[in-house]
Amino acid sequence: MDPALLRERELFMKRAYVTPTVEKKRKDVEGLGKDEKKKPKPSAAPAPSPAPPRDVNAYKSMSGSGQYKFGVLAKIVKHMKQRHQLGDDHPLTLDEILDETNQLDVGSKVKTWLLTESLVQNPKLEQTPEGGFLFKPPYKIRDKKALLRLLKQHDLKGLGGVLLDDVQESLPNCEKALKNLQNEIIYVSRPLDKKKILFYNDRTAQLVVDEEFQKLWRGIAVESVDDDKIEEYLEKQGIRSMQDHGPKKPVIPKRKKANNRKRTHKKPRDNDHLADVLETYEDK
């Protein structure tokens, strides 16, 4: 064999011995792939549990704001007043009131507040011995006869008239009764707030007054006389005047006028009264 070929063969064998084969690389790559497959995948983080659904009316079961509580109370009082004015006078329990006012979603704390405090202490409502509630009107009148008796009693006792607002609040179907009693009632508007006052029209007091007496009465000038002096004179004659217990105008205190006098600066006083005592020391 040619020695040159032998030499080339030896060199080729040496290079093959030193250089790693491609098969080994494939095996290594395959081994790595298997190792990666064998490694467990990291578990995914658990999904957060959904929040419990919020109750829209949950705030009503809590103590609640004062505005909400008094809103419920105002609706109850208004409904009880309307029932009374329509002539419906049978008592209702709290649950029945809430049902009729469409407030069944009121919380337990508000119900307790209504039963123990607000409904019991409200001046517009009264509680029956059985635990029911009724509207409490200013006057216990159920028909036109009761209204006429009330006006007569006020007239006989000198109590004056009755507010139309109080009558409308107390008497069921008030407008019909007032229309039937239009000849028995006198309406007077209060000058301060223009509210109407009802008086009993006592026809027995309608006397025919002589014209001469009328002339004498009209001839007395009282425009310059104070109302207090007229009342004092009538009381001395044994005549009582009707007292006005309605609202009075607030007395506004008069502001003191600021003194516009200019302050004069006083000159310092001389020590004339100490002229004999004081001595002057001058440098000689």
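Scroll up a little and you will see the structure.
My aim in this report is to walk through the structure given alongside it, one point at a time. (Residues numbered from 1 in each chain as written. Predicted model: local features only at pLDDT ≥ 70, side-chain atom pairs only at ≥ 80, totals over all residues. Heavy atoms only, no water.)

## Re the pairing of strand β5 (residues 196–200)
When strand β3 (residues 162–163) meets β5, the two strands line up antiparallel, connected through two bridges. Paired with Leu163 across the two strands is Ile197, which belongs to β5. As defined by bridge partners, strand β4 (residues 185–189) adjoins β5 across five bridges and the pair is classed as antiparallel. Directly across from Tyr187, in β5, lies its bridge partner Leu198. Linking two consecutive strands that pair antiparallel, namely β4 and β5, is a turn of six residues; a positive phi of about 65° is found at Lys194 within it. (Pairing = 2+ DSSP bridges. Helix = DSSP H or I, 4+ residues; strand = E, 2+ residues; numbered from the N terminus.)

## Some points on the pattern of salt bridges
With the rule as written, the count across this model stands at eleven salt bridges. For Lys124, the salt bridge goes to Glu169, with nearest N and O atoms at 2.6 Å. Of the two residues, Lys124 sits in the loop between α6 (108–121) and β1 (125–127) while Glu169 sits in helix α8 (residues 164–170), which places them 45 residues apart along the sequence. When salt bridges with common partners are traced through the structure, they connect Lys81, Lys124 and Glu169 into a single cluster. (Salt bridge = Lys/Arg side-chain N within 4 Å of Asp/Glu carboxyl O.)

## A short note on the sheet that holds β5
Read across the open sheet, the three strands follow the order β3-β5-β4; overall the sheet is antiparallel. Where the open sheet ends on each side, the last strands, each with one partner, are β3 and β4. Its contacts with the sheet put helix α7 (residues 144–156) on β3, β4 and β5, and the angle it makes with β5 is roughly 85°. (Contact = heavy atoms within 4.5 Å. Axes fitted to C-alpha atoms, helices over the stretch in contact; angles between N-to-C directions.)

## What to know about the packing of aromatic side chains
With the rule as written, the count across this model stands at one aromatic pair. Each ring, one from Phe70 and one from Trp113, has its centre 5.3 Å from the other, and the planes form 80°; the classification is edge-to-face. Taken together, the residues span a long stretch of sequence, with Phe70 in helix α4 (residues 66–85) and Trp113 in helix α6 at a distance of 43 residues. Its end group placed over the ring of Trp113, Lys69 keeps NZ or CZ at 4.8 Å from the ring centre. (Phe/Tyr/Trp six-rings, centres within 6.5 Å; stacked < 30°, edge-to-face > 60°. Lys NZ or Arg CZ within 6 Å of the ring centre and 35° of its normal.)

## Considering a nonpolar patch on the surface
Together, Val209, Phe213 and Trp217 give the surface a local cluster of nonpolar side chains, amounting to about 360 Å² of exposed area. Considering the arrangement of structural elements, one finds Val209 in the loop between β5 and α10 (211–219). (Patch = residues over 30% accessible without salt bridge, like charges linked within 9 Å, V, L, I, M, F, W, Y side chains within 5 Å. Areas by Shrake-Rupley, 256 points an atom, 1.4 Å probe, with all protein chains shown as cover.)

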